[in-house]
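What follows is each chain in one-letter form.
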Amino acid sequence: MRNESRRLPDLLDARGRERAVARARMWESLAQWMFIVPAAAYLLMFFGYPVVKNIAMSFQQYTTATFYTGAAPFVGLENYARILSLDLFPKVLLTTVLFTAGSLLGQFVLGLAFALFFQRRFPLGGVLRSLLLLPWLLPLVVSGTTWRWMLDTDSGVVNGALRHLHLLSSGIPWLTGTSQALVSVILVNIWVGIPFNTAILYGGLQDIPTHLYEAAKLDGAGPVKSFRHVTWPLLRPVVSVVLVLGVVYTVKVLDVILVMTGGGPANATETLATQSYELSFQQFEFGGGAAMSNLLVVISLLFAFVYLRANRRAQNA
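Residues numbered from 1 in each chain as written. Predicted model: local features only at pLDDT ≥ 70, side-chain atom pairs only at ≥ 80, totals over all residues. Heavy atoms only, no water.

Caption draft 1: Expanded view of the nonpolar core. One finds Phe108, Leu201, Leu235 and Val239 to be the most contacted residues of the largest nonpolar core, which totals 17 residues. Among the elements of the structure, α4 (89-118), α9 (181-206) and α11 (223-251) are those that each provide at least two residues to this core. With six residues, the top contributor of residues to this core is α11. Those residues within four positions of phenylalanine 108 in sequence are excluded, and the remaining contacts are Asn197, Leu201, Trp232, Val239, Val242 and Leu243. (Core = buried A, V, L, I, M, F, W, Y, C linked by side-chain atoms within 4.5 Å. Buried < 20%, exposed > 50% of the residue type's maximum accessible area, 1.4 Å probe, protein only. Helix = DSSP H or I, 4+ residues; strand = E, 2+ residues; numbered from the N terminus. Contact = heavy atoms within 4.5 Å.)

Here is the structure:
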């Protein structure tokens, strides 16, 4: 009896501790859900719903009358068949590919060059890195409007400077010539995207241990061999992220093209993004515009899948 009477308080204390631990775990779990639920609700409301709604609209005859009547008849793949059969679609698709490839190549090459340059220690390096971010921080409408003024054929700063240097006698139609307009918007989009590429690649370069460069230098490797055998292999995961995000950001660029050329002249700068905008907000064919924008999503996902799979194979080889 005495032993049992002694064990009883111990059992009560053990049960109390178990209840306290269980209560603490419950409150911890509740606190975790209190953080997760608002974030999940936000994602579902502002990201999930628009995506689902856009997909649904692409299978409906959704026009301005729908906002008044609420009727949006289901048409299946009719919107997709209609936009794919447009006479302008092959040219728009080619322009989108050229715009994306040209912008991505220029942004990545120049961004990597700037990242390698800023990796060196020199006076005012931090200030220059900060100034390099300005094109990325400016609203795209402001950047596009500024460049449209600078590239104006008659009163633009660029043509004025070229005339002053006696490099040309008449102004170059940067934005009004069918062969120059696409090059111009690509160059401006490269200018906009260089800071993003530089910032991400510079961060990746900082994670490479310096002793690897020292070992390569002791082995007689110069800058080119050090880049090829040290920098590039260790920077490849960051490069994958930059290229995939670059495609996603570039393929849907609308602001720059819309402000500078509006898709002209003669549809020379018309891309899938501007065509989707035109169908939705100029022709008010929201179903066709939704279908066109869904093609952008499919193209981005397809590129990301193919590139990441190829990159994984290269790393495993």
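Caption draft 2: Layout of the environment of valine 51. Among the secondary structure elements, valine 51 is positioned in helix α1 (residues 2-57). C-alpha separation for the pair valine 51 and asparagine 294, spaced 243 residues apart in sequence, amounts to 9.1 Å.

Caption draft 3: Quick look at the packing of aromatic side chains. Summed over all chains, the structure comprises 17 aromatic pairs. Look at tyrosine 277 and phenylalanine 281: their rings are 5.4 Å apart centre to centre, the planes differ by 40 degrees, and that puts the pair in the tilted class. With tyrosine 277 and phenylalanine 281 both in helix α13 (residues 272-281) and four residues apart, the pair spans about one turn of that helix. Grouping aromatic residues by their ring pairs yields a cluster made of Tyr62, Phe67, Tyr277, Phe281, Phe284 and Phe286. (Phe/Tyr/Trp six-rings, centres within 6.5 Å; stacked < 30°, edge-to-face > 60°.)

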